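Report on the structure
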Amino acid sequence: MTQPRSAQVSVSDTPWYHCVSRCVRRAFLCGEDPFTGASYEHRRGWIADRLQRLASVFAVDVAGYAVMSNHFHVVVRIDTERAAASSTDEVLARWTALFSGPLLVQRYMAEGRAGMAAGDVLAVDQLAETYRVRLMDLSWFMRTLNEGIARQANAEDNVKGRFWEGRYKSQALLDEQAVIAAMAYVDLNPIRAGIAETPEESDFTSIQQRLGREPARGEGAEADAYEDKVAALPRAPLMPFDATGRTEWAIPYAFDDYLELVDWLGRAVHPAKRGRIPSDRPKILVRLGMDAEALAEESSRLLKAFGSAVGAPASLTAARARRQIGYLRGIRAAARVFAGAA
């Protein structure tokens, strides 16, 4: 049974999430359609670009992404502390960078508090608190991302109707093991799909961007006033890596270690090397207590083995108790891959 979004996204459990959105009927609406020969490759650039522009507004940081022909993956961290620490003026400035807001907010942004009645100021403060919650809401982030892409694609095709399947899918990443597994899974998507041989050749992925090899990003179609606002936003950088693990808003690993893991997994799951697991295990797996052979064997389908949450067995058991549910899919996969995790 489908769980309510409030049960799947709970920052009190974890700020880390893996999200997936698929095109309606899984059609080739973002890449090259092998049946018709039509190319929509530029739309992959729209998604990659919009992800980082929206991250400059929302308190949602992008750790990893992969934009495929008919779906995309993104790994994010919700920064509630940043949103909570923002002043009323900062919240309103962020929100109105995307949305105009009611006339009262527009007046406040133009004139400030001076000269406004106390009741109007109170109303603005209340609206700011509503916007503050939305800026750290994963559903608002994904909705703003997907709706804009759908409008652009429909305008380009001169059609109406759905572009994406129902709602996006999300998985809570409950611990460090889940985060590293999800990021590697996402960055290796093009290699598993057979459309790239190396991470640096994997177009529209976070690993390629971090290696400085990203392709040009597509221009939007028939931009309206709202899309002009989005295009004017700066692109937020991808989350940095921090080997000390002391910086909460950074990925708690060394980038070199992560590259080693992605390269190792990429070779391990390559079709020409199926069943031949390299013996030089990346040290990050040792530190995190992850079973190297099991991860290599499961990496191409790992996140599919889990449901709404990913993590070590103890993390899944704790999440199940918090949600007061009898079962969370993925216990067996967790026991295989994360067997040595604390």
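Residues numbered from 1 in each chain as written. Predicted model: local features only at pLDDT ≥ 70, side-chain atom pairs only at ≥ 80, totals over all residues. Heavy atoms only, no water.

Structural notes on the state of the cysteines
Note the following rule: Cysteine sulfur pairs qualify as disulfides if the two atoms are within 2.5 Å.
Applying the stated criterion across every chain yields a total of 0 disulfides. We note that Cys-23 lacks a disulfide partner, and the nearest cysteine sulfur, in Cys-30, lies 3.7 Å from it.

Quick word on the side chain of Asn-189
Let me state the cut-off plainly: Strands are runs of DSSP state E lasting at least two residues, helices are runs of H or I lasting at least four, and both sets are numbered from the N terminus onward. Residue contacts are defined here by distance: any two heavy atoms, one from each residue, within 4.5 Å place the two residues in contact.
Residue placement: Asn-189 occurs in helix 9 (residues 189-192). Once residues within four sequence positions are removed from consideration, Asn-189 is found in contact with Ala-66, Met-68, His-71 and His-73.

So, the packing of helix 4 (residues 88-96) against helix 6 (residues 118-135)
Just so we agree on the cut-off: Simply put, an axis is a line fit to the C-alpha atoms, just over the touching stretch for a helix, and the angle between two N-to-C directions goes from 0 to 180 degrees. Throughout, a crossing is termed right-handed when the near helix is turned clockwise from the far one, and left-handed when it is turned anticlockwise from it by less than a right angle. Under the grouping applied here, Gly and all other residues not named as nonpolar or charged are polar, the nonpolar ones being Ala, Val, Leu, Ile, Met, Phe, Trp, Tyr, Cys and Pro and the charged ones Asp, Glu, Lys and Arg.
Two elements in contact, helix 4 and helix 6, have axes whose closest approach is 9 Å; the angle formed by their N-to-C orientations is 65 degrees. Remark: the crossing between helix 4 and helix 6 carries left-handed chirality. Contacts between helix 4 and helix 6 involve Thr-88, Val-91, Leu-92, Arg-94 and Trp-95 on the former and, on the latter, Val-124, Asp-125, Ala-128, Tyr-131, Arg-132, Arg-134 and Leu-135. Considered class by class, the residues forming the contact of helix 4 with helix 6 number 7 nonpolar, 1 polar and 4 charged.

Description of the confidence of the model for the protein chain
Note the following rule: Every residue is assigned a pLDDT by the predictor, reflecting its confidence on a scale from 0 to 100.
With 91% of its residues at a pLDDT of at least 70, the protein chain reaches an overall mean of 87. For residues 273-277, every residue scores under 50 in pLDDT, and the model assigns this stretch 7 contacts once sequence neighbours within four places are set aside.

A word on helix 11 (residues 225-232)
Quick reminder of the rule: Note on classification: 1.4 Å probe, protein chains only; a residue is buried when its accessible area is under 20% of the maximum for its type, exposed when over 50%, partly exposed between these limits. The arc refers to the directions leading from the helix axis to the C-beta atoms.
Residues of helix 11 that are buried include every one of Tyr-226, Glu-227 and Val-230, and no others. Along the axis of helix 11, the buried positions cluster into a sector of 95 degrees, meaning they face one direction only. Seen from the open side of helix 11, the exposed residues pointing more than 90 degrees away from its buried face are Ala-225, Ala-231 and Ala-232. Tucked into the core, helix 11 has its buried residues touching helix 2 (42-55) and helix 7 (138-157).

Considering unusual backbone geometry
The residue Asn-158 is not glycine, and still its phi comes out positive at about 55 degrees. Tracing the sequence through the fold places Asn-158 in the loop between helix 7 and strand 4 (169-173). You can call Asn-158 exposed: its relative accessible area is 71%. For Phe-204, which is not glycine, the phi torsion reads 60 degrees and is therefore positive. Following the sequence through the fold, Phe-204 ends up in the loop between helix 9 and helix 10 (206-210). Residue class for Phe-204 comes out buried when judged on its relative accessible area of 6%.

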